[in-house]
Amino acid sequence: MKIGYNGLFIPGPTNIPNQIRQAMSVPLEDIRAPDFADLTLPLFADLKKIFKTKNGQIFIFPSSGTGGWEAALQNTLSPGDKILSSSFGRFSVLWCRMCKDLGFDNTVIDVEWGRGVPIHEYERVLKNDKDKQIKAVLVCHNETTTGVKSDIGEVRRLLDQLDHPAMLYVDGISSIGSIEFDMDADGIDLAIAGSQKGFMMPTGLSIIAVSKKALEAIKTAKSSCSYFCFNDMINANKTGYFPYTPATTLLRGLRAAVDLLLEEGLENVFKRHHKLASGVRAAVKAWGMELCAQKPKWYSDTVSTIVMPQQYDANKVISNAYYRYHLSLGLGL
Ligand SMILES: *Cc1c(COP(=O)(O)O)cnc(C)c1O
């Protein structure tokens, strides 16, 4: 029998700080209460600080992060629209698959796992796109399954250099709130986060920030959306309410999470993750093992993916850690 806490060292859900757990230990509340907006409007405003956007708009959907991917695509694109994306780990693969499932014309660059966004291939494809038909360029900022972080600024600079009007969509589910992320500086049009990773919460909220340009794109987008419709959210959120039952308990938790992040200061949060990750990386090196990330520029400060040497069984390591040390380590996906 296991006693005490089990240390969660899987990529997500992550450990929930006590302040956040306590903030969620509240009675359910009136979702149309006259003062409900006292909770929601400041929360939207403070989330913009976490995404680092002045003019972007925040959306909070009751779904896991995957729902955020779908909301971003369906609200801003039309069936058959051209997308450029890349796959270098389980999550980027799944996002590419979603683009196909939803009927977009997606060009996928397959990259060896352990490497990041293929900037040279992106350049080649975008240069060949003479009529500038590509509507969206997708990047998974922090590929959780391989522990690889990509440079979003690099992709922004490429689009600017080529004067390409495609919008930049970023999966920041395991980076926003924990490693350097700057929506406005990197000209990101749609940024997607999930509650159970950088926000230290239970699963259940996808949080999306949408640029002015992407908000404009809603007007001409012809893909269908209903539950994830941005326009319904925009109308209801104006006064601090939601088009359907908001997950009030999770919103209370999110409030506490945002407070924790802003109190510590984002720069300090990033430094803390960097310090801890550097320690983990030093240990991995001392053990004579290797990270999946092939170069330091791709090292993620939130997830270290360790390649198990051939002669060892990763499942045994994980089960030993679980039963002997009360540590949950993530399995390779
Ligand atoms: C966890 C994760 C997802 C999937 O999010 P869910 O909340 O499980 O739907 C997508 N992308 C990245 C980078 C992730 O880490």
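Above this text is the structure in question.
Here goes a summary of the coordinates provided. Quick caveat, the model's predicted, so the values are computed rather than measured.

**Describing the nonpolar core**
Working step 1: Counting 86 residues, the largest nonpolar core has Ile60, Val137, Tyr169, Phe199 and Leu254 as its most contacted members.
Working step 2: Looking at this core element by element, the count peaks at 7 residues for helix 9 (residues 248–264).
Working step 3: Other than its neighbours up to four places away in sequence, phenylalanine 199 contacts Ile20, Leu47, Ile50, Ile176, Ala193, Gly194, Ile207, Leu254, Ala257, Val258 and Leu261.

**Here we look at the pairing of strand 3 (residues 82–87)**
Working step 1: Within strand 3, 5 of the 6 residues are buried, which leaves it mostly tucked inside the rest of the structure.
Working step 2: Across 6 bridges, the pairing between strand 3 and strand 4 (residues 105–110) is parallel. Looking at strand 4, one finds that leucine 84 is bridged to threonine 107.
Working step 3: Taken together, the 3 bridges between strand 3 and strand 5 (residues 134–140) define a ladder with parallel strand orientation. Among the inter-strand pairings, leucine 84 is bridged to a residue of strand 5, identified as valine 137.

**Quick notes on the site of the ligand**
Working step 1: Taken together, 13 residues lie near the ligand, and Ser64, Thr66, Thr144, Asp171 and Lys197 sit nearest.
Working step 2: Side-chain polar atom of threonine 66 to an oxygen atom of the ligand: 2.4 Å apart, as the coordinates give it.
Working step 3: A per-element tally of the shell around the ligand places helix 3 (residues 65–76) first, with 3 residues.
Working step 4: Here the shell around the ligand is built from residues that sort into 4 nonpolar, 7 polar and 2 charged.

What counts as what
Residues numbered from 1 in each chain as written. Predicted model: local features only at pLDDT ≥ 70, side-chain atom pairs only at ≥ 80, totals over all residues. Heavy atoms only, no water. Core = buried A, V, L, I, M, F, W, Y, C linked by side-chain atoms within 4.5 Å. Buried < 20%, exposed > 50% of the residue type's maximum accessible area, 1.4 Å probe, protein only. Helix = DSSP H or I, 4+ residues; strand = E, 2+ residues; numbered from the N terminus. Contact = heavy atoms within 4.5 Å. Pairing = 2+ DSSP bridges. Near = heavy atom within 4 Å. Polar contact = N/O pair within 3.5 Å; in protein donor to acceptor, adjacent residues only side chain to side chain. Nonpolar A, V, L, I, M, F, W, Y, C, P; charged D, E, K, R; others polar.

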